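# Per-entry structural report
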Amino acid sequence: MDRPAIVLLSGGLDSTTVLAIAKEQGFTPYALSFRYGQRHSIELEAARRVAEAQGVARHVIADIDLRVFGGSALTADIEVPKYETLGDNQDTGVPITYVPARNTIFLSFALAFAETVGASDIFTGVTAVDYSGYPDCRPEYMDAFAAMANLATRAGVEGTSRITLHSPLIALSKAGIVQEGLRLGVDYSLTSSCYDPDDAGRACGRCDTCLLRLKGFAEAGATDPIQYQNA
């Protein structure tokens, strides 16, 4: 029996792993990506490659312009912080790369997509272990959104189905995520995680997400197959 599921797909390491997990669990994935005014289109190109390689039922790229609000290094003319090591980042607050309410916006679109294709399951790649301190990546946030989703949909009100929000990586380290992806045969050379890649698509190797990714591969005893500017 067909089991459709919406998978939020950024083209990065985490969401690509989640897509493979959804497939392993027997779901038919519908991938959803966003052109939201981010600094570059490299991650969307990666999302297209991943969606094609993993054979999703449909890949939708939704357009939202979050640059009208700004407030983030990813959606405004604010420099992306760079570090030599993760330990060099002394900022213990929410980082400037946090995009205000981004996960709430993305999950709301996923909820709408789920209703139109008859899906009761939404997969997202949030993680609460090796992450940059974003408030919308915490387990309590995911639980709250799942509760809201079942109050906000026709299927939930009519009692015909309940939305389940899957966050299979939320308790995994980056190393654990890499190991899980490699077990599933994920081709990480197709992915892109960097906040500030160059025009050739090479990762900077010094932003938070690059350093976390490199840490994950190193601790997993594997080599990151993407290109870095300083390599």
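Located above this text is the structure these notes cover.
In what follows, the accompanying structure is described. (Residues numbered from 1 in each chain as written. Predicted model: local features only at pLDDT ≥ 70, side-chain atom pairs only at ≥ 80, totals over all residues. Heavy atoms only, no water.)

### Digging into the sheet that holds strand β3 (residues 58-63)
Operational definition: If DSSP finds at least two bridges between two strands, the strands pair. Helix and strand assignments come from DSSP, with helices taken as H or I runs of at least 4 residues and strands as E runs of at least 2, each series counted from the N terminus. All axes here are fitted lines through C-alpha atoms, helices being fitted over the stretch that makes contact, and every angle between N-to-C directions spans 0 to 180 degrees.
If you trace the 5 strands from one edge of the open sheet to the other, you get β3-β2-β1-β4-β5, paired in parallel fashion. With partners counted over all chains shown, the strands left at the sheet margins are β3 and β5 (164-166), one partner each. When the angles between neighbouring strand axes are averaged without regard to direction, this sheet yields 25°. Sheet topology places strand β1 (residues 4-8) next to strand β2 (residues 28-35); 5 bridges connect them, and they run parallel. Looking across to β2, one finds that A5 is bridged to P29.

### Topic: the layout of surface pockets
Cut-off, in case you're wondering: Buried and open spaces are told apart on a 1 Å grid over the protein atoms alone, a cavity being a set of points where a 1.4 Å probe fits but cannot get out and a pocket being an open set with protein on both sides within 12 Å along at least five of seven lines. Residues with an atom within 4 Å of a point are the lining residues. Grid points are joined across faces, edges and corners, and a volume is the space filled by probe spheres set on the points. Residues are grouped as follows: Ala, Val, Leu, Ile, Met, Phe, Trp, Tyr, Cys and Pro are nonpolar; Asp, Glu, Lys and Arg are charged; every other residue, Gly included, is polar.
Reported here for the second largest pocket is a volume of approximately 210 Å³. If you trace the second largest pocket, you find 14 residues lining it, with R49, S189, T191, G201 and I226 closest to the centre. Split into classes, the residues belonging to the lining of the second largest pocket amount to 5 nonpolar, 6 polar and 3 charged.

### Overview of unusual backbone geometry
Applicable threshold: Exposure categories follow from relative accessible area, calculated using a 1.4 Å probe and restricted to protein chains: below 20% of the type maximum is buried, above 50% is exposed, and the middle band is partly exposed.
Residue A101 is not a glycine yet carries a positive backbone phi of 60°. Mapped onto the secondary structure, A101 falls in the loop between β3 and α3 (102-117). Using a relative accessible area of 34% as the deciding quantity, one classes A101 as partly exposed.

### So, the pairing of β1
Under the convention used in this document: Handedness of a crossover: with both strands directed away from the viewer, a clockwise path from the first strand across the helix to the second marks it as right-handed.
Of all 5 residues in β1, 5 are buried; the element is thus mostly enclosed. Because side chains alternate across β1, one face comprises the buried residues P4, I6 and L8, and the other comprises A5 and V7, equally buried. Tracing the backbone out of β1, into helix α1 (residues 13-24) and back to the parallel element β2 gives a crossover that is right-handed. Across 3 bridges, the pairing between β1 and strand β4 (residues 121-123) is parallel. Within β4, the position partnered with V7 by the bridge is F123.

### Brief notes about the packing of aromatic side chains
One pair of aromatic rings is described through two measures. These are the centre distance and the angle between the planes. This is how it is decided: Classification of ring pairs rests on two measures: the distance between centres of Phe, Tyr or Trp rings, Trp counted by its six-membered ring, which must be within 6.5 Å, and the angle between planes, read as stacked under 30 degrees, edge-to-face over 60 and tilted in between. A positively charged side chain is recorded as over a ring if its NZ (Lys) or CZ (Arg) lies within 6 Å of the ring centre. The angle to the ring normal must also be within 35 degrees.
Applying the stated criterion to the full structure yields 7 aromatic pairs. Aromatic side chains Y30 and F113 sit 6.0 Å apart centroid to centroid with 90° between the ring planes, which places their arrangement in the edge-to-face category. A residue pair is termed long-range when its members are at least 10 positions apart, and Y30 in strand β2 and F113 in helix α3 qualify at 83 residues. The exposure class assigned to Y30 is buried, which follows from its relative accessible area of 16%. Where Y141 meets F145, the ring centres are 6.5 Å apart and the plane angle is 45°; that geometry is what we call tilted. Highlighted residues: Y141 and F145, both in helix α4 (residues 139-152), separated by 4 residues, approximately one helical turn. Owing to a relative accessible area of 15%, Y141 belongs among the buried residues under this scheme. A residue is classified by how much of its surface remains accessible, and F145, at 5% relative accessible area, is buried. Among the aromatic side chains, those forming a connected cluster through ring pairs are F34, Y36, F106 and F109. Against the face of F27 rests R3, its NZ or CZ located 3.9 Å from the ring centre.

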